[in-house]
Amino acid sequence: MKKTILAIAVAAASAAATADYQGEVGVVYGQGEVAGAVDYDTVGFAGRYNFEMVDTSKGPHAEAAFLDKSSSVGFSYSTIEPDVSGADDIDDVGVDVRVVTDTNLIIEAAYSQLDDGNDDADTFAIGVGTYLNDTTDIVATYSTVDDDGDDLDALNLDLHSVMKLQGTASLAYDLGMAYLDADEDDGYSVNAGATYYIDNNLGISLAADMMDVGDEDTNRLSVGVSYFPMPEVELAFEYFDQGGDDEFDGILLGAAVRF
């Protein structure tokens, strides 16, 4: 009897340590300022369902689905409330799917709609890529935005990789570039980011991107922290500052639960 109880306890402890999961839901709250003049608040919700259980033993908890080559479907909703009397909220809702085959082929599709109270902007995207190895993938994505007649087409190429460092540390990085085709002008965007994981629970990130289309350009810098106080719970913080033609900054606080 004692051996049976001991075996059950060991199995339970092992399951708790790996904390494999299949679903995830999260919430985010933020505040910021537009052009140094208008304050805003934002709230968002998101969820993701993986078609199979995700193995969390391969590296940082935040990278578990990527490292396990998981196929999944997700949704998101956010709203921005400007601190201006009579101003409309800006709502954004989206769905996406990512499928990874046994041959490491990646197929992605996404749809989102942005509604500012006056106009709707619909975005469709489809991507194809592959895992170059067990910890690196590359995806080419075509997207089109229809903003009540003002169209923007984009062709993106994005790479994501996770490198194991000494001890418990890891480094994840992103590199991306895009060709942008607007109604009257064309341009480009580039982005780069990295997250240093002190261990599987704690990551510190830095990211930057810039866009130049015709006479419009923007640049954005963000820093963030992701922390798992337990394998099934994530807490996150991000500060971002965007300059150029569309200036705004803000902080975001988030939490997510896996099950």
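Please read all numbers here as calculations on a predicted model, not as lab measurements.

A. Representation of the overall build of the protein within the structure. Secondary structure summary: the protein contains 2 helices and 14 strands in total. For 259 residues, the compact-globule estimate of 2.2 N^0.38 gives 18 Å, and the C-alpha radius of gyration of the protein, at 20 Å, lies within 12% of that figure. Based on the C-alpha atoms only, the size of the protein along its principal axes is roughly 75 × 45 × 30 Å. Looking at the protein residue by residue over its 259 residues, the buried ones come to 29%.

B. Representation of the packing of aromatic side chains. The full count for this structure, using the stated rule, is 3 aromatic pairs. When the ring of F240 is compared with that of F248, the centres are 5.6 Å apart and the planes differ by 75 degrees; the resulting orientation is edge-to-face. Since its relative accessible area comes to 25%, F248 is described here as partly exposed. A cation sits over an aromatic face here: K69 above Y131, 5.1 Å from the ring centre. Looking at R220, its charged tip hangs above the ring of F240, at a distance of 4.2 Å from the centre.

C. Representation of the pairing of strand 13 (residues 233-244) within the structure. Both strand 12 (residues 216-230) and strand 13 contribute to a ladder of 11 bridges, which runs antiparallel. Each residue of the ladder has a partner; that of S226, found in strand 13, is A236. If you look at the hairpin formed by strand 12 and strand 13, you'll find 2 residues sitting between the two strands. As paired strands, strand 13 and strand 14 (residues 248-258) are joined by 10 bridges and run antiparallel to one another. Paired with E238 across the two strands is L252, which belongs to strand 14. Between strand 13 and the antiparallel strand that follows it, strand 14, lie 3 residues.

D. Molecular detail of the environment of V145. By secondary structure assignment, the location of V145 is in strand 7 (residues 136-147). With relative accessibility at 21%, the residue V145 sits in the partly exposed group. Taking the C-alpha atoms as reference points, V145 and S85, separated by 60 residues in sequence, lie 29 Å from one another.

E. Inspection of the nonpolar core at higher detail. In terms of nonpolar packing, the biggest core is built from 9 residues, these being F66, L67, V100, I106, Y131, V139, V162, A172 and Y197. Leave out the neighbours within four places in its chain, and V139 touches I106, E108, G127, V128, G129, N156, L157 and D158.

F. Examining the confidence of the model for the protein more closely. In this model, the protein carries an average pLDDT of 91, and 93% of its residues clear a pLDDT of 70 or more. Looking over the protein, one finds the lowest element-wise mean pLDDT in helix 1 (residues 2-18), namely 40, and the highest in helix 2 (residues 64-67), namely 98. Under a pLDDT of 50 for its full length, residues 1-17 has, in the predicted model, 2 contacts with residues more than four places off or in other chains.

G. Quick look at the pairing of strand 1 (residues 21-34). Sheet analysis places strand 1 next to strand 2 (residues 38-54), joined by 13 bridges and oriented antiparallel. Paired with G30 across the strands is T42, a residue of strand 2. In sequence, strand 1 turns back onto strand 2 through a hairpin of 3 residues, with A35 there showing a positive phi of about 55 degrees. Two elements, strand 1 and strand 14, share 11 bridges in a ladder whose sense is antiparallel. Counted as the bridge partner of Q31 is I251 from strand 14.

H. Highlighting unusual backbone geometry. A positive phi angle, near 55 degrees, is found at A35, a position not held by glycine. Its place among the elements puts A35 in the loop between strand 1 and strand 2. When its relative accessible area of 53% is taken as the criterion, A35 is described as exposed. Positive phi values are uncommon outside glycine, yet K69 reaches one of about 55 degrees. Positionally, K69 belongs in the loop between helix 2 and strand 3 (72-82).

I. Main features of the pattern of salt bridges. Following the criterion strictly, the structure yields 7 salt bridges and no others. Among the salt bridges present, the one from R48 reaches D96, with a minimum N-O distance of 2.9 Å. Taken together, the positions of R48 in strand 2 and D96 in strand 4 (residues 90-100) put the pair 48 residues apart, joining distant regions of the chain. Its relative accessible area of 26% is what places D96 among the partly exposed residues.

Definitions and cut-offs
- Residues numbered from 1 in each chain as written.
- Predicted model: local features only at pLDDT ≥ 70, side-chain atom pairs only at ≥ 80, totals over all residues.
- Heavy atoms only, no water.
- Helix = DSSP H or I, 4+ residues; strand = E, 2+ residues; numbered from the N terminus.
- Rg over C-alpha atoms; globule rule 2.2 N^0.38 Å.
- Buried < 20%, exposed > 50% of the residue type's maximum accessible area, 1.4 Å probe, protein only.
- Phe/Tyr/Trp six-rings, centres within 6.5 Å; stacked < 30°, edge-to-face > 60°.
- Lys NZ or Arg CZ within 6 Å of the ring centre and 35° of its normal.
- Pairing = 2+ DSSP bridges.
- Core = buried A, V, L, I, M, F, W, Y, C linked by side-chain atoms within 4.5 Å.
- Contact = heavy atoms within 4.5 Å.
- pLDDT = per-residue confidence, 0-100.
- Salt bridge = Lys/Arg side-chain N within 4 Å of Asp/Glu carboxyl O.

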